[in-house]
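For reference, the chains in residue letters:
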Amino acid sequence: EGRTSRQFGSILNSTQKVRNFEEQQTIKKKARRRNMHLSRASLLTLYRFSGSLLLGLCIHQHFYDLTKLLPRFAKTVRVARMFLLPSLFLFIANYSNSIALDRIGISLTYTSKCGIPLITVLFTLLLDGITALPSYATLLSLLPIAFGIGAASWNSPTFELFGFLAAVVSTTSQAALNVVSKRVMTKTGVRGAEAQRAMVFVALGIGLILTAANRIQGEIRELREYGANIRNVATEGGGDMKEEEQAVVPTSSSFHPPIWLSFLAVLAYHMEYVLSFSFVGLVEPITYGTCDALRRLLIIVAGRQMFGGDKFSKTNMGGIFMALLGALMYSITSAKGGGGVPVKSG
């Protein structure tokens, strides 16, 4: 009788532990659903693409005429098929850039982007041959620009290998985007806001597919862990749950920026890329990459002033001067007829 009582008590104890475990798992699952399994990089990327697509569809000459939205969207879908490869590079460049900004900050991220003109030269050489390159003097002017931007943010206090690799991936993808998008625009005649709208449409689709796949993978992993823990509790008595399993700690993805700030980020992104794809359709990819590098130098300087940090050292000031001198050299040498030949449309 005593043995039976002990067995019965053990069963009750085990059942109570299973119930407690299930309750904790329910709480954790609700918390995970609130967090949506989205990192800040994923959230920013999806906001940018979806917001830019909506702005591109709604902002036009007769924005009050809603009957034009459907034809405009249908045209975007047709054009998007021509921009599949540039859209892939657009997604990679933006997503990895968001990761880099989150991990290593503005200065080091955009310092890494100083390599865009040099990588653009390499892609142009591989795709279009040496005749598509500007003169040697113009190419040499890219070096002080790259080194100057690097020196402008020397001694950045934040460095992380994963964040730095993300910045390098973003740099390479941005350079590839400059070259490939120029070729497609030249071939199709589509540029500016229309090209931007088509590319963000495809990039948004890529982002949503990857987000859904990541969500499904996470749910499957949780179900497996849940089943394994239930079996462990039921068969071995389970013991008490680990402290980290009991606590429900909100992750960084649960933080959501203010709505007005999110809107400004989307608006700034939309305006930036619409102007970029208008500009890249008028100049060569190397020229665009050079101007883009100088724009990033301005971001480094403005970011240091707006978000704080150490004052610019002599090395930083020398780097800024070197980059501006390189830009002047590029302008002078390319204006003297060293601009190379245009990218062929074939």
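None of these values were measured; they are calculated from a predicted model.

Calculation notes
- Residues numbered from 1 in each chain as written.
- Predicted model: local features only at pLDDT ≥ 70, side-chain atom pairs only at ≥ 80, totals over all residues.
- Heavy atoms only, no water.
- Helix = DSSP H or I, 4+ residues; strand = E, 2+ residues; numbered from the N terminus.
- Buried < 20%, exposed > 50% of the residue type's maximum accessible area, 1.4 Å probe, protein only.
- Contact = heavy atoms within 4.5 Å.
- Areas by Shrake-Rupley, 256 points an atom, 1.4 Å probe, with all protein chains shown as cover.
- Core = buried A, V, L, I, M, F, W, Y, C linked by side-chain atoms within 4.5 Å.
- Phe/Tyr/Trp six-rings, centres within 6.5 Å; stacked < 30°, edge-to-face > 60°.
- Expected span 1.5 Å × (residues − 1).
- Arc of directions from axis to C-beta.
- Salt bridge = Lys/Arg side-chain N within 4 Å of Asp/Glu carboxyl O.
- Patch = residues over 30% accessible without salt bridge, like charges linked within 9 Å, V, L, I, M, F, W, Y side chains within 5 Å.

Would you take a moment to explain the overall build of the protein chain for this structure?
Secondary structure assignment for the protein chain yields 13 helices and zero strands. Each of the 346 residues in the protein chain was classed as buried or not, and the buried ones make up 40%. Put simply, 88% of the contacts in the protein chain that link residues at least 6 apart link residues at least 24 apart. Per element, the accessible surface of the protein chain, about 19,500 Å² overall, is 66% carbon and sulfur.

Explanation requested: the environment of Pro 134 in the structure shown.
Structurally, Pro 134 can be placed in the loop between α5 (116-128) and α6 (136-140). Relative accessible area serves as the criterion here: at 11%, Pro 134 is assigned to the buried category. Along the sequence, Pro 134 and Thr 333 sit 199 residues apart, while their C-alpha atoms lie 9.1 Å from each other.

When you look at the nonpolar core in this model, what are you seeing that I'm missing?
Looking at soluble globular proteins, one finds that nonpolar side chains tend to be buried together. Core analysis: the largest hydrophobic core is formed by 27 residues, its most contacted members being Phe 49, Phe 83, Leu 90, Met 185, Met 199 and Phe 277. Sort the elements by how many residues they give to this core and helix α9 (residues 192-236) lands first, with seven residues. Not counting the four nearest positions on each side in its chain, Phe 49 is found in contact with Leu 90, Phe 91, Asn 94, Val 200, Ala 203, Leu 204 and Tyr 269. With 11 residues, the next largest nonpolar core counts Cys 114, Ile 149, Ala 152 and Ala 327 among its residues.

How should the packing of aromatic side chains be read in this particular structure?
A ring pair, where both rings are aromatic, is described by two values, the distance of the centres and the angle of the planes. Scanning the entire structure with this criterion turns up seven aromatic pairs. Relative to Phe 201, the ring of Phe 73 has its centre 5.6 Å away and its plane inclined at 85°; by these criteria the two rings are edge-to-face. Of this pair, Phe 73 sits in helix α3 (residues 69-80) while Phe 201 sits in helix α9, and the two are 128 residues apart along the sequence. Residue classification places Phe 201 among the partly exposed positions, given a relative accessible area of 26%. Judged by centre distance (5.9 Å) and plane angle (55°), the rings of Phe 279 and Tyr 288 are tilted. Since its relative accessible area comes to 7%, Tyr 288 is described here as buried. Each residue in the set Phe 49, Phe 91, Tyr 95, Tyr 269, Tyr 273 and Phe 277 is aromatic and connected to the rest through ring pairs, giving one cluster.

Quick question: what am I supposed to make of α3 here?
Along an α-helix, residues three or four positions apart point the same way, because every turn accommodates 3.6 residues. When the terminal C-alpha atoms of α3 are compared, their 16 Å separation across 12 residues agrees well with the 16 Å that a helix rising 1.5 Å per residue should span. Residues of α3 that are buried: Thr 76, Val 79 and Ala 80. Angular distribution of buried residues about the axis of α3 spans 100°; they occupy a single face of the element.

Explain the pattern of salt bridges to me, please; I cannot follow it from the model alone.
Proximity of charged atoms lets side chains of opposite charge pair with each other. Counted according to the given criterion, the structure contains two salt bridges. Note that Lys 75 and Glu 194 form a salt bridge whose closest N and O atoms lie 3.4 Å from each other. Note that Lys 75 is positioned in helix α3 and Glu 194 in helix α9, a separation of 119 residues in sequence. Taking the relative accessible area as the measure of exposure, Lys 75 reaches 38% and is therefore partly exposed. Given the relative accessible area of 22%, Glu 194 is considered partly exposed. Here Glu 272 ties to Arg 295 by a salt bridge, and the two come within 3.2 Å at their closest N and O atoms. Linking Glu 272 in helix α11 (residues 259-279) with Arg 295 in helix α12 (residues 285-307), this pair joins segments that are 23 residues apart in sequence.

Which parts of the structure should I look at to understand a nonpolar patch on the surface?
Residues Leu 118, Leu 140, Leu 143, Phe 147 and Met 322 make up a contiguous nonpolar surface patch of roughly 460 Å² in combined accessible area. Within the fold, Met 322 resides in helix α13 (residues 314-335). Take Met 322: its relative accessible area is 34%, and that puts it in the partly exposed class.

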